[in-house]
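Observations on chain architecture
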Amino acid sequence: MESTTAPVKPQFSEAAKAEIARLLTHYPDDRKKSALLPLLHIAQAEFGGWVSPEVQDLVAETLGLKPIEVYEVSSFYTMFNLKPVGKHVLEICRTGPCMLRGSDELTANLERITGAKVGETSPDGLFTLKEVECLAACGTAPIVQVREKYYEQLDSPEAVDAMLNELRNMVHRPLLPWEQTGLQHTQQ
Amino acid sequence: MGRKLLTEHINVPGIDTFEVYRQHGGYRSVEKALKTMTPDEVVEEVKKSGLRGRGGAGFPTGMKWSFLAKPEGVPRHLVCNADESEPGTFKDRHLMSRLPHLLIEGMITSSYALGANTSYIYIRGELLYVLRILEKAIAEAYANGFLGKNILGSGYDLDLHVHPGGGAYICGEETALLESLEGKRGNPRNKPPFPAVQGLYARPTVVNNVESIAAVVPIINEGGDEYAKLGVGKSTGTKLISACGHLNKPGIYEIELGVPVEEFIYSDEYCGGIWKGRDLKAVVAGGSSVPILPKELILKTAAGESRLMTYESLSDGGFVTGTMLGSGGFIAMDETTCIVRNTWNFSRFYHHESCGQCSPCREGTGWLEKVLHRLEHGHGNMHDIDLIVSVAKQIEGNTICPLGEAAAWPVAAAVRHFRHEFEWHVTHREEAARPGAVYPGKAVLV
């Protein structure tokens, strides 16, 4: 069935626009492209944990880049999700030091509990499982990253349950510093 | 107990705030440098200290600084490499999140020495939460007159920004990092030109590791000669060791270089021995890319001397019987560890992280992963063991950046010291393919 209305073009929130303006002051005027990775992080936080082609086009437009300059970068770096994801993306470290402390078992347990295999989203849409390489927390292995938070020493069922329960009970993701600033401005 | 130059105050409540950091002697190096020293004098102190790059390569920091080109009218940059991604290494994350002002202080003093007026901290994207901590601390430094225009009335201006990566090990390579900071894919650049001549935005640039820049603070406070008194020979000062794997007390230890490896592993002051009362099988002493050594060779050199935590002692014996201090990512493996599985895991890492620019690395890392996978999963044959050594050899030295070597060395060393485990995986395929299976014999020293 053909859609009768044009898809709504994504737009950055006012808080994100303010943050982008701040970030752009960090680089020379003729080097705006430097802000590409920071902007992709903002976009991924703003638009549901992934960057659709439309969102990437918005990033390109914001920085005055050709869309391909954004696509070739978003596909190079592992943090940017190019497909829709669940509410929480569990990024499980699978590298040597974590493996020595039980990341294989952790991954198997998370697959069993969530009902999603690595690379998939659980049927309830809550969790996407993603394996990643070394997160620089080998001393507290095994670990999982969810957005900006590290869950460390997940070597017991209790620790895994505590993480999953915290995420299940989370209504909205935690606000980022620039969103809080934005909120204060709105409230004033 | 050795001296702690970087982490002495790390457990002080509120040390991440400007006020408490300042109360504990923070920002003294900035005052000393900007008010009483010329930039060249700061460089001279760092040279005298003997400080060697703490990211892994161990190149003398002062010498790296002295290579910086200084053409008239062209801005120069200092970029801090906070892209800590080498498996087994987690010291910079710890330092930045707990002592953000130490890195900022080091950045100001170092930027002054190099004549940089805009500096960047490139932090790996996964550490966005640490970026928030650093940004808060930077705002405090601006508010207190340690960043911005005319710092402490010296006439020196500095802006400092934190920049996140996007998830790519290769961006720890300094030219890939600069590409990434320019908003591009992290493909390492051909050298020359070196960053000291054409770095960020084609301007002269120095790239230093977090710990190296932090070490500039005690070097300026106490003097390069004083710093050089710590340590052994050309391994001066202190080093942060990230201890992980099968240890009773994994964590970050600031050691005076020269501590015996045996003491580091077994004494209660440091790692407290191997967990679960087990025996040690092997150690990867400097991050995943350095050669693995069996217990006998990590504790003592081939000549039977006690192995020390120094650049020289760890590399004693070259790659035949030695290894490297590298980043200080110290991974201990107990007797139940399967060396083949571990080697496959590391090869998968390097294959995943190869940027794909150079064929020997792009294709070679893929073959290493594939052949090691079949050895580990009971489908290998004896020829495969020589095959991975051959592939590793063909990658080494044939790529733009050292990721090729980083991928090749662990494989070559694992086969060199643990060939019997690889052979067992071929002679006992079914047994070896079972989850958790480990070569049952003792190590055979070649």
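About the criteria used
Residues numbered from 1 in each chain as written. Chains lettered and ligands numbered in written order. Predicted model: local features only at pLDDT ≥ 70, side-chain atom pairs only at ≥ 80, totals over all residues. UniProt positions renumbered as here; feature names shortened; annotations may be inferred. Helix = DSSP H or I, 4+ residues; strand = E, 2+ residues; numbered from the N terminus. Buried ≥ 20, exposed ≤ 12 C-beta atoms within 10 Å, placed from the backbone. Contact = placed C-beta atoms within 7 Å. Pairing = 2+ DSSP bridges. Axes fitted to C-alpha atoms, helices over the stretch in contact; angles between N-to-C directions. Left-handed = near helix turned anticlockwise from the far one by under 90°. Nonpolar A, V, L, I, M, F, W, Y, C, P; charged D, E, K, R; others polar.

Looking at an unreviewed UniProt entry, one finds chain B named NADH-quinone oxidoreductase subunit F and attributed to Solirubrum puertoriconensis. You can read under Sequence similarities (unreviewed entry) in the UniProt record for chain B the words "Belongs to the complex I 51 kDa subunit family." We quote the UniProt Catalytic activity (unreviewed entry) comment for chain B here in full: "a quinone + NADH + 5 H(+)(in) = a quinol + NAD(+) + 4 H(+)(out)".

The name that an unreviewed UniProt entry assigns to chain A is NADH dehydrogenase, with the source organism given as Solirubrum puertoriconensis. What UniProt states about chain A under its Sequence similarities (unreviewed entry) heading is, verbatim, "Belongs to the complex I 24 kDa subunit family."

Overview of the overall build of chain A
Along the backbone of chain A there are 8 helices and 4 strands. Along chain A, helices (α) and strands (β) appear in the sequence α-α-α-α-β-α-α-β-β-β-α-α when read from the amino end. Taking the principal axes of the C-alpha coordinates as reference, chain A spans close to 50 × 45 × 40 Å. Taken over 188 residues, chain A has a buried fraction of 38%. By sequence separation, contacts in chain A at least 24 residues apart represent 54% of the contacts at least 6 residues apart.

Describing the sheet that holds strand β11 (residues 329-334) of chain B
Residue and element names in this part refer to chain B. One open sheet holds the 5 strands; their spatial order is β8-β7-β11-β9-β10, and the pairing between them is mixed. At either end of the open sheet lies a strand with only one pairing partner, and these are β8 (251-256) and β10 (292-294). Adjacent strand axes in the sheet meet at a mean angle of 30°, parallel and antiparallel pairs treated alike. Direction of pairing for strand β9 (residues 280-284) relative to β10: antiparallel, over a ladder of 3 bridges. The partner of Ala282 across the bridge, within β10, is Pro294.

Describing the packing of helix α5 (residues 91-98) of chain B against helix α7 (residues 128-143) of chain B
Residues and elements named next belong to chain B. Where α5 meets α7, the closest approach of the two axes is 9 Å, and the angle between their N-to-C directions is 40°. Judged by the sense of rotation from one axis to the other, the crossing of α5 with α7 is left-handed. Residues Arg93, Met96 and Ser97 of α5 form the contact with α7, whose own contacting residues are Val130, Ile133 and Leu134. Here the contact of α5 with α7 is composed, by residue class, of 4 nonpolar, 1 polar and 1 charged.

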